[in-house]
Amino acid sequence: MSLPNVTREYRSQCDGYQNLKLQSGSLSKPKATEVTIKIHAVSLQYRDLMVSKGKYPGVKSNVVPCSDGAGEIVAIGQDVKGWTVGDRVCPNFALDHVHGDVTEDIKNTGLGGQIDGVLREYINVPVHSLVRIPEHLSYEEASTLPCAALTAYNALLGPVPLKGGDYVLILGTGGVSMFGAQIALASGATVIVTSSSDEKLQVAKKLGVQHVINYKKNDNWDEEVLKITRGRGVDHVIEVGGPNTMPKSIKAARYAGWIHIIGFVSGGDNGIPVGAAIIKALTFRGILIGSVKQFEDMNRLITAREIRPVVDKIFPFEQATEAYSYLESQKHVGKVVIKVA
Ligand SMILES: NC(=O)c1ccc[n+]([C@@H]2O[C@H](COP(=O)([O-])OP(=O)(O)OC[C@H]3O[C@@H](n4cnc5c(N)ncnc54)[C@H](OP(=O)(O)O)[C@@H]3O)[C@@H](O)[C@H]2O)c1
């Protein structure tokens, strides 16, 4: 196949997703240590909403949005070894986060933020950022892995992995949360999911989640968690709610449990209740996605346990703004995907 020299791509001035512009951009040949990927599918994150509204720090001007894409290699730089045309791949969220801890320089290689992202037909990326797609997954499913899945994996199976039999509390049923539930279940944990909706909780139950709580109907969901765990509390909390949910997450955790600080969908600006955290000897860990090495490890688990990402809805490339709007409505469970090719 001859490589085109143009690519259709979205650009954002961070003035609202309604103003995303679909235009034609130039596509250069890959450099010596790069490959060209034909993007087949892109999945949306809460972060993409924030970027589109100018609420995310450090975004480059006129950015190509979105971090999470899956596609096939269509061209290879002259020094690339170990990859061939046709290989199915995802680039890692932060292109230079190959292994180990994140650094300022690595953070500044975040797709769809500090650098141009994947909401386009073709992209050139460094070969060190590539991860193979598990064979049982479609491109649409694989596009959900780089941010949401890897964040949940880093939380639960990162430096201090959960143990079989641990209780894991998952807040909400969005992208990170559903992967959190699936990864925890695949690792032998007992999972409790909270949600605003009984219908969404049914989806969680179908995945095998043992306990569900509707936090709209039961404002004292932390007490319900303590009841379920016979007063002990959970070992791990996937904390995507932020300041407004944190006090109850702390109450729901066991002594010396882990709170994985991931997001802030519930809003609020109150600080962490420090006294309560000290009294329970809790460990708080901020998560910033993960590395290529962790992505590869995660894909081994996904392959071994044949985990299938929860994809709620797939939109065509030309309807990207509708996809953003659907994500913003929070009607989804799991992931919202845009089919590119
Ligand atoms: N640190 C990182 O590396 C990292 C990576 C990915 C995402 N994040 C962050 O994690 C958060 C979730 O991201 P996402 O992409 O998974 O979002 P998402 O798919 O848009 O999910 C949002 C969901 O959050 C739930 N929710 C809203 N208010 C809630 C509340 N008060 N209590 C509990 N759940 C609530 C809702 O589910 P229900 O209707 O079921 O309640 C909603 O559908 C965002 O803040 C995002 O920025 C961080």
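Here the structure is a predicted model, which means the values were calculated and not measured.

Pairing in this open sheet of six strands is parallel, and the strands run S10-S9-S8-S11-S12-S13 from one edge to the other. Both edges of this open sheet fall to strand S10 (211-214) and strand S13 (283-286), since each of them pairs with a single strand only. The average angle at which neighbouring strand axes cross in this sheet is 15°, direction not considered. When strand S12 (residues 253-261) meets S13, the two strands line up parallel, connected through four bridges. For Ile-259, the partnering residue across the bridge sits in S13 and is Phe-284.

A word on the UniProt feature "domain: Enoyl reductase (ER)" (unreviewed entry) in the protein. Residues annotated by UniProt as "domain: Enoyl reductase (ER)" (unreviewed entry) correspond here to residues 16-338. Span residues 16-338 is 29% helix and 25% strand, its end C-alpha atoms 18 Å apart.

Before going further, it helps to examine the site of the ligand. Around the ligand, the surrounding shell holds 27 residues, and the nearest of these are Thr-173, Ser-195, Ser-196, Tyr-215 and Ile-287. A distance of 3.1 Å is found between a nitrogen atom of the ligand and a backbone nitrogen or oxygen belonging to Ile-262. Contact with the protein chains covers 92% of the free accessible surface of the ligand, which is 930 Å². One can see that the ligand is located within the largest pocket. Looking at the shell around the ligand, the elements with two or more residues in it are helix H1 (46-52), helix H4 (145-157) and helix H5 (175-186).

In total, this model carries 16 salt bridges according to the counting rule given. A salt bridge links Lys-227 to Glu-224; the nearest nitrogen and oxygen atoms lie 3.7 Å apart. Of this pair, Lys-227 and Glu-224 both sit in helix H7 (residues 221-228), separated by three residues, roughly a single helical turn. When salt bridges with common partners are traced through the structure, they connect Glu-9, Arg-11, Lys-60 and Asp-116 into a single cluster.

Moving on to a nonpolar patch on the surface. Together, Tyr-46, Phe-264 and Val-265 line one region of the surface with nonpolar side chains, adding up to about 270 Å² of accessible area. For Tyr-46, the position within the fold is in helix H1. The class for Tyr-46 is partly exposed, based on a relative accessible area of 36%.

Criteria and cut-off values
- Positions within a chain are numbered from 1, following the residues in the order the chain's sequence is written.
- With the structure being a predicted model, the display of local features is reserved for residues of pLDDT at least 70 and the display and counting of side-chain atom pairs for 80 or more, all residues being used for whole-chain, interface and lining totals.
- The side-chain quantities take in all heavy atoms of the structure and omit both hydrogens and water.
- Strand pairing requires that DSSP identify at least two bridges connecting the strands.
- Put simply, DSSP marks the helices as runs of H or I at least four residues long and the strands as runs of E at least two long, and each gets a number from the N terminus on.
- Axis geometry follows a simple rule: fit a line to the C-alpha atoms, using only the stretch in contact for helices, then measure angles between N-to-C directions, giving values from 0 to 180 degrees.
- UniProt positions are given in the numbering used here, feature names are shortened, and annotations may be inferred rather than shown by experiment.
- Any residue with at least one heavy atom within 4 Å of a molecule or strand is counted as near it.
- A 3.5 Å cut-off defines polar contacts: any pair of N or O atoms within that distance qualifies, except that in protein one atom must be a possible hydrogen donor and the other a possible acceptor, and neighbouring residues in sequence count only when both atoms are side-chain atoms.
- Accessible surface is estimated by sampling points in the Shrake-Rupley manner with a 1.4 Å probe; for residues, cover comes only from the protein chains shown.
- Space inside and on the surface of the protein is sampled on a 1 Å grid over the protein atoms alone, with a cavity defined as a set of points where a 1.4 Å probe fits but cannot get out and a pocket as an open set with protein on both sides within 12 Å along at least 5 of 7 lines; lining residues have an atom within 4 Å of a point.
- To decide whether a molecule occupies a pocket or cavity, check its atoms: if more than half lie within 2 Å of the grid points, it is inside.
- Any Lys or Arg side-chain nitrogen found within 4 Å of a carboxyl oxygen on Asp or Glu counts as a salt bridge.
- Residues form patches when they are more than 30% accessible in relative terms and have no salt bridge. Like charges link within 9 Å. Nonpolar side chains (Val, Leu, Ile, Met, Phe, Trp, Tyr) link within 5 Å.
- Only protein chains enter the calculation, and the probe is 1.4 Å; a residue is then buried if its accessible area is under 20% of its type maximum, exposed if over 50%, and partly exposed in between.

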